[in-house]
Amino acid sequence: INGQIVIDNSTAVKDANDSKLTVFPNPTVDFFQVSETPGLKGIELFNIVGNKVRSFETAPGKQYYVGDLNNGIYLVRLVSSTKKVLKTIRLSKR
């Protein structure tokens, strides 16, 4: 029997910058902002059942408008320039 066995001992390590990512104000009424983080490229907003409702390109100090969305809980996915999900944060829209 010929074959090859590959053993991968890699583990996930949380990036130190990930813990500094925050969304504010939370809860929000009309808009939210994200703390400035190098490497943050995009924001994807999902409703609680997982449907994408909005996407944003990021910029330092930018406000992201959500005033026209229904009240409820949304998931804010923060994405890097390499399309890696840096963090997902729950956002309450009132």
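Refer to the structure above for everything that follows.
Conventions used here
- Residues numbered from 1 in each chain as written.
- Predicted model: local features only at pLDDT ≥ 70, side-chain atom pairs only at ≥ 80, totals over all residues.
- Heavy atoms only, no water.
- Phe/Tyr/Trp six-rings, centres within 6.5 Å; stacked < 30°, edge-to-face > 60°.
- Helix = DSSP H or I, 4+ residues; strand = E, 2+ residues; numbered from the N terminus.
- Pairing = 2+ DSSP bridges.
- Patch = residues over 30% accessible without salt bridge, like charges linked within 9 Å, V, L, I, M, F, W, Y side chains within 5 Å.
- Areas by Shrake-Rupley, 256 points an atom, 1.4 Å probe, with all protein chains shown as cover.
- Salt bridge = Lys/Arg side-chain N within 4 Å of Asp/Glu carboxyl O.
- Buried < 20%, exposed > 50% of the residue type's maximum accessible area, 1.4 Å probe, protein only.

Looking now at the packing of aromatic side chains. In this structure the tally under the stated criterion is 3 aromatic pairs. An angle of 85° between the planes, with centres 6.1 Å apart, marks the rings of Phe 32 and Phe 56 as edge-to-face. Of this pair, Phe 32 sits in strand 2 (residues 31-34) while Phe 56 sits in strand 4 (residues 52-57), placing them 24 residues apart in sequence. Grouped by ring-pair contacts, the aromatic residues Phe 32, Phe 56 and Tyr 64 constitute a single cluster.

Whenever strands of a sheet pair, they do so through backbone hydrogen bonds, lying parallel or antiparallel. The strand order across the open sheet built from 3 strands is 1-2-5, with neighbouring strands paired in antiparallel fashion. The open sheet is flanked by strand 1 (23-24) and strand 5 (64-65), the only strands paired with a single partner. Taken together, the 2 bridges between strand 2 and strand 5 define a ladder with antiparallel strand orientation. In the strand pairing of strand 5, Phe 31 is matched with Tyr 65.

For the rest of this paragraph, the subject is a nonpolar patch on the surface. A grouping of Ile 48, Val 49 and Ile 73 is seen on the molecular surface, where their side chains present a nonpolar patch of about 290 Å² in accessible area. In this structure, Ile 48 sits in the loop between strand 3 (40-47) and strand 4. Accessibility expressed as a relative area gives 58% for Ile 48, which makes it exposed.

The full count for this structure, using the stated rule, is 4 salt bridges. Here Asp 68 ties to Arg 54 by a salt bridge, and the two come within 3.1 Å at their closest N and O atoms. Linking Asp 68 in the loop between strand 5 and strand 6 (72-80) with Arg 54 in strand 4, this pair joins segments that are 14 residues apart in sequence. Because the salt bridges share partners, they merge into one network encompassing Glu 44, Lys 52 and Arg 77.

Our next topic: the pairing of strand 7 (residues 85-93). Bridge analysis of strand 6 against strand 7 gives 8 bridges, and the strand direction is antiparallel. In the strand pairing of strand 7, Gly 72 is matched with Lys 93. Counting the residues in the hairpin turn of strand 6 and strand 7 gives 4 residues, including Lys 83, whose phi is positive at 70°.

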